[in-house]
Amino acid sequence: MESGWILPDLSNEATRGFWDGCAEGELRIQTCSDCGATRMPPRPMCPRCRSVDYGWTAMSGEGRIWSFVVAHPPLLPAYAEIAPYPVVTVELLEDPMIRIVGGLVGGPGLDAASVDTKTIEIGDPVHVVFAKVEDVTIPRWTGAKWA
Ligand SMILES: [Zn+2]
């Protein structure tokens, strides 16, 4: 049902740590080894100090909805099948400047249809859940409000 989705290139060295973390059930954020700055999306060089040395920091996976949309057609065919569906931008609890975009679902193993999109509000607390799509584990978001 989710075949045809646009999925990340798992061979990209700069982003691999993020996707490896998802596969292991952790939300890992790229962290500069020299100045300690976190950054998202992952990239080879620190935008603060230009260091190319980095590691990965596991986050709690807790955050708040910073913004959201409800996607409606026209969409690519694979996405049109599940529309309308909510997409949220989440600011992380540990670092609100780190924002991650993902689907909002009613809980682990559930899809977007499990969320009443009329109830979504900016500031709602959410936490990450992971879902396997083909060979990629992707982060999604859920909260007690939709359980
Ligand atoms: Zn740095």
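Residues numbered from 1 in each chain as written. Predicted model: local features only at pLDDT ≥ 70, side-chain atom pairs only at ≥ 80, totals over all residues. Heavy atoms only, no water.

K.L.:
Help me understand the overall build of the protein, please; the structure alone is not making it clear to me.
P.N.:
When you go through the protein residue by residue, the secondary structure sums to two helices and eight strands. Of the regular secondary structure in the protein, the N- to C-terminal order runs α-β-β-β-β-α-β-β-β-β. Taking 15 Å as the expected radius of gyration for a compact globule of 147 residues, we find that the protein reaches 16 Å, a close match to that expectation. A principal-axis box enclosing the C-alpha atoms of the protein has dimensions of 45 × 30 × 25 Å. Residues counted as buried form 41% of the 147 residues belonging to the protein. Contacts in the protein between residues at least 24 apart in sequence constitute 54% of all its contacts with a sequence separation of at least 6. With an accessible surface of roughly 7900 Å², the protein has 56% of that area assigned to carbon and sulfur atoms. Measuring between centres, the 12 positive side-chain charges of the protein sit 6 Å from its 19 negative side-chain charges. (Helix = DSSP H or I, 4+ residues; strand = E, 2+ residues; numbered from the N terminus. Rg over C-alpha atoms; globule rule 2.2 N^0.38 Å. Buried < 20%, exposed > 50% of the residue type's maximum accessible area, 1.4 Å probe, protein only. Contact = heavy atoms within 4.5 Å. Areas by Shrake-Rupley, 256 points an atom, 1.4 Å probe, with all protein chains shown as cover. Lys, Arg positive; Asp, Glu negative; His and termini not counted. Charge placed at Lys NZ, Arg CZ, Asp CG, Glu CD.)

K.L.:
Sorry if this is basic, but what is going on with the coordination of the zinc ion here?
P.N.:
When a metal carries six donors in an octahedron, the ideal angles between them are 90 or 180 degrees, while four donors in a tetrahedron ideally lie at 109.5 degrees. The coordination sphere of the zinc ion contains the protein donors Cys32 (SG), Cys35 (SG), Cys46 (SG) and Cys49 (SG), at a distance range of 2.3 to 2.4 Å. The site at the zinc ion holds four donor atoms, and with the angles between them running 102 to 116°, its shape is tetrahedral. Spacing between the donor residues of the zinc ion along their common chain follows C-x2-C-x10-C-x2-C. In this pair, Cys32 sits in strand E1 (residues 27-32) while Cys46 sits in the loop between strand E2 (38-39) and strand E3 (54-59), placing the two residues 14 residues apart along the sequence. Using a relative accessible area of 1% as the deciding quantity, one classes Cys46 as buried. (Donors = N, O, S within 2.8 Å, 3.2 Å for Na, K, Ca; no water. Tetrahedral: all angles 85-135°; square planar, octahedral: opposite > 155°, others 65-115°.)

K.L.:
I'm lost on helix H1 (residues 16-23) in this one. Help?
P.N.:
Since the α-helix turns once every 3.6 residues, residues separated by three or four places project in the same direction. Within H1, the full set of buried residues consists of Gly17, Phe18, Trp19, Gly21 and Cys22. Residues of H1 that are buried make contact with E1, E3, strand E7 (125-133) and strand E8 (136-142). Gly25 sits one or two positions beyond H1 and adopts a positive phi of about 80°.

K.L.:
Please clarify how the pairing of strand E4 (residues 62-71) should be interpreted in this entry.
P.N.:
Side-chain positions along a regular strand alternate between the two faces of the sheet. Here three bridges tie E4 to E7, and the two strands are oriented antiparallel to one another. Paired with Arg64 across the bridge in E7 is Pro125. Note: E4 against strand E5 (residues 85-92), eight bridges, orientation antiparallel. The residue bridging Ser67 from the neighbouring strand is Thr89, located in E5. (Pairing = 2+ DSSP bridges.)

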